[in-house]
Every structure is written in C-alpha cells, then in structure tokens.
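# Observations on the model geometry
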Amino acid sequence: MWCSVLPLLVSLSPAVLFLLQLPDHTYTQGVNCEDYKYGRQDSELNDKKHPCSWKCLLFTLQWPAGFCQFLKNESLCRIPESVNNWTIHGLWPEHAWGCCNCWPMFHSDVQELEAELTEYWPSLLKIRTSFQFWRDEWEKHGACAACVEGLNSPLRYFQISLKLRRQFDIHKVLEAAGVTPSCERAYKVPDVHQLLAPHLGDKHEIQCVTDHKDRQVWFQVKIPLSRNLTLGCDHHSNIDGEPPPGHPCPPEVPFYYLPIDHEQPQRPCD
C-alpha cells in the first residue's frame, strides 16, 4: 500500500503535505455545539477545561443613574423615559472557558419578550440599540450558560433573566426601608448590605463607580447564584476576560444613590 501511494505523496506540494498533517477539529466542534444545544452535562462536561465547568452565575442589576457616571463621554448615555427602576446588566457564568460561538442570536429569538426586555434590560448607550445589547450579552455570556438545561437557548436565557429580575425587586425593598435616590444623602455600605441580605443572600456585592466629584456612586449589585439558580454560590473574582466597569463600594466610605434624570443623565444633581 505504501509503495502505491509514495509516488503520489512525493508529487504533492509542501503546502498540501502540511495541510494533511493538521488535526481535524470538526468532531470536537460538533460535540461542543451539541452539548450546548441540548444541555448535556456528562462527565466530559465536568472537566475543568470544558466550557461547562463553571459553578456560579452572577445576576447583575444596574442603577441607570450610576451607569451614566461610569461613562467618560457624557454624550453617550441615555436613559429612556420609561426607565425609572433597576435594570438588568447581565446573567454571567463565572470562570467560563472557551464558550461556544456556534449559536448566533436573531431578533426573532426574543421577539415575544421584547416589550419586557425593553423595560427591564434596555441599552443605556446612544450608540447601541437594545437588541445589540441583548445579542452581545448572549454571545459573551448566554452561550456560556447554554450548556445548562433551562438556559440552553436565547429565549430560555432571557426568560430566566427576566424571572430573576422579578424575583429580586430591590427597588421595592429599598423604598420600603426609606433608601431612596438623593443628591444630598449618602448611605453606608454595611447598612444597605444588611438590608438587602435577606432578599439577595449574604454574598451579594454592592458596586460603585467614582463620579466627576470624586464621590462613590452606587452603580450595580452582583447576586451570586449556583447553577440551579439558588442563592449563595461562592464566587471569588470578576468575570474572566473583561475588566470590570465597577468596583466594590469601600465599606468605610458612604456612597450616593443618585436620582435618574432623563434630560441630563450623567449630571442629575447639577
């Protein structure tokens, strides 16, 4: 056999011979796509190098007025007139590795949720539509979560996110306790953390940004969840591969919970 193919191999160009030595990744990619699509969680998926080896999710809510303080370019921020509440920033698997890029998202995938997503998960950037925001979140994070049954499609991922938003209605909790947006009043991190703990678990994180007056301004809340969406998963660092837009509010420094101003979203108190 080798004698019969030797003349053929000799006649092939070096480039073709090189290509013949390349490993075939078709099977591996196919397995990954199928694993994500059908929520497989067998022993192979539990390997630490597999994209489904993550243990915790971070459900992150952002306060629109705080988000606008994070932006260096004031002209980029917009808060839709209908938005006067905490909005979703994302649902992020933590320490996910090599997430599947084989599942694009289309507008039709979330069309039935569009009204609710527009209210609770709007884009706060003038240069990005809400659908672009949703699609970015799916591609960066949703595809990483899609190996878990119940999150294994764009529709299911966003349905679960909206369900969590309804469950963690922190605006109602804060308002009932007299913690309301203000330009003058500052709040203490331990007090607010203690107030939210019965609803978000002890391990939630209150995050701030520094505004143009060098004040600590409340930006978002990160709520750690286990794979089955129960509270209290141990998380140790930020999402891999991207710099965090906020930081934990220093416990010894009071922070401001700024009001929403639709006309001047980044300067609500000027």
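Everything below is about the structure shown above.
Each chain carries its own residue numbering, running from 1 in the direction its sequence is written. Predicted model: local features are reported for residues with pLDDT of at least 70 only, side-chain atom pairs are reported and counted for 80 or more only, and whole-chain, interface and lining totals are derived from all residues. Hydrogen atoms and water are omitted, and side-chain values are computed over all heavy atoms in the structure.

### Details of the pattern of salt bridges
When a carboxyl oxygen of Asp or Glu lies within 4 Å of a side-chain nitrogen of Lys or Arg, that pair is called a salt bridge. All told, the structure shown has 7 salt bridges when counted by the stated rule. Residue Arg-166 is joined to Glu-116 by a salt bridge in which the shortest nitrogen-to-oxygen separation is 2.4 Å. Of this pair, Arg-166 sits in helix α7 (residues 154-167) while Glu-116 sits in helix α5 (residues 114-120); the two residues are 50 residues apart in sequence, bridging distant segments of the chain. In this structure, Asp-270 engages Lys-213 in a salt bridge whose closest nitrogen and oxygen atoms are separated by 3.7 Å. With Asp-270 in the segment after β7 (255-256) and Lys-213 in the loop between β4 (205-210) and β5 (216-226), this residue pair connects regions lying 57 residues apart in the sequence. Burial classification: accessible surface area is computed with a 1.4 Å probe over protein chains only, and a residue below 20% of its type maximum counts as buried, one above 50% as exposed, and the rest as partly exposed. Residue Asp-270 is classed as exposed on the basis of its relative accessible area, which comes to 51%. One salt-bridge network, in which partners are shared between bridges, spans Arg-165, Asp-169 and Lys-172. What counts as a helix is a DSSP run of H or I of at least four residues, what counts as a strand is a run of E of at least two, and both are numbered from the N terminus.

### A look at the side chain of Gln-207
Mapping Gln-207 onto the fold places it in strand β4. Only 2.7 Å separates the side chain of Gln-207 from the side chain of Gln-220, close enough to count as a polar contact. Here a polar contact means two N or O atoms within 3.5 Å. Within protein one must be a hydrogen donor candidate and the other an acceptor candidate, and residues neighboring in sequence count only if both atoms are side-chain atoms.

### A closer look at the state of the cysteines
We call a pair of cysteine sulfur atoms a disulfide when they lie within 2.5 Å. Overall, the coordinates contain 4 disulfides when judged by the stated rule. Sulfur-sulfur distance for the disulfide between Cys-183 and Cys-269 comes to 1.9 Å. With the S-S bond torsion at -85°, the cross-link from Cys-183 to Cys-269 turns out left-handed. Pair noted here: Cys-183 is in the loop between α8 (170-176) and β3 (186-187) and Cys-269 is in the segment after β7, with a separation of 86 residues, a long-range link. When its relative accessible area of 25% is taken as the criterion, Cys-269 is described as partly exposed.

### Points about the pairing of strand β2 (residues 87-93)
Along any regular strand the residues' side chains alternate between the sheet's two faces. By the criterion of burial, β2 is predominantly enclosed, with 7 of the 7 residues buried. Strands qualify as paired when DSSP identifies two bridges or more between them. Note: strand β1 (residues 56-62) against β2, 6 bridges, orientation antiparallel. Within β2, the residue paired with Leu-57 across the bridge is Pro-93.

### Comments concerning the packing of aromatic side chains
What counts as a ring pair is set by centres within 6.5 Å for rings of Phe, Tyr and Trp (its six-membered ring), and what kind of pair is set by the plane angle: stacked under 30 degrees, edge-to-face over 60, tilted for all other angles. In total, this model carries 17 aromatic pairs according to the counting rule given. Judged by centre distance (6.3 Å) and plane angle (35°), the rings of Phe-67 and Phe-219 are tilted. Of this pair, Phe-67 sits in helix α4 (residues 64-70) while Phe-219 sits in strand β5, placing them 152 residues apart in sequence. Comparing Phe-67 with Phe-219, the two get one shared label, buried. To sit over a ring, a charge needs its Lys NZ or Arg CZ within 6 Å of the ring centre and within 35 degrees of the ring normal. Positioned over the ring face of Tyr-256 is Arg-215, at 4.8 Å from the centre of the ring.

### Quick look at the environment of Leu-117
Among the structural elements, Leu-117 can be located in helix α5. Through-space distance from the C-alpha of Leu-117 to that of Phe-158 is 8.1 Å; in sequence the pair is 41 residues apart. Two residues qualify as a contact provided that any one of their heavy atoms is within 4.5 Å of a heavy atom in the partner residue. Non-local contacts of Leu-117, meaning those with residues more than four positions away in its chain, are made with Val-110, Pro-122, Trp-134, Phe-158 and Leu-162.

### Some thoughts on the nonpolar core
Phe-59, Trp-86, Phe-158 and Trp-218 are the most contacted members of the largest nonpolar core, which totals 63 residues. Counting residues per element, this core draws most heavily on β5, at 6 residues. Beyond its immediate chain neighbours, meaning those up to four positions away, Trp-86 contacts Leu-61, Gln-62, Trp-63, Arg-165, Ile-170, His-171, Leu-174, Trp-218, Phe-219, Gln-220, Val-221 and Tyr-257. Each nonpolar core is a collection of buried residues, namely Ala, Val, Leu, Ile, Met, Phe, Trp, Tyr and Cys, held together in the definition by side-chain atoms within 4.5 Å.

### Overview of unusual backbone geometry
Most peptide bonds take the trans configuration, and most residues that are not glycine carry a negative phi. Positioned with a positive phi, Asp-214 is a non-glycine residue whose angle comes to about 65°. Asp-214 gets classed as exposed once you look at its relative accessible area, which sits at 65%. At Leu-229, a position not held by glycine, the phi torsion is positive, near 70°. Positionally, Leu-229 belongs in the loop between β5 and β6 (247-248).

### Focus on α7
An expected span of 1.5 Å times one less than the residue number is assigned to each helix. Between its terminal C-alpha atoms α7 stretches 20 Å, which fits the 20 Å expected from 14 residues at 1.5 Å a residue. Those residues of α7 that sit buried are Pro-154, Tyr-157, Phe-158, Ile-160, Ser-161, Leu-162, Leu-164 and Arg-165. Buried residues belonging to α7 abut β1, β2, α5, α6 (130-145) and β5.

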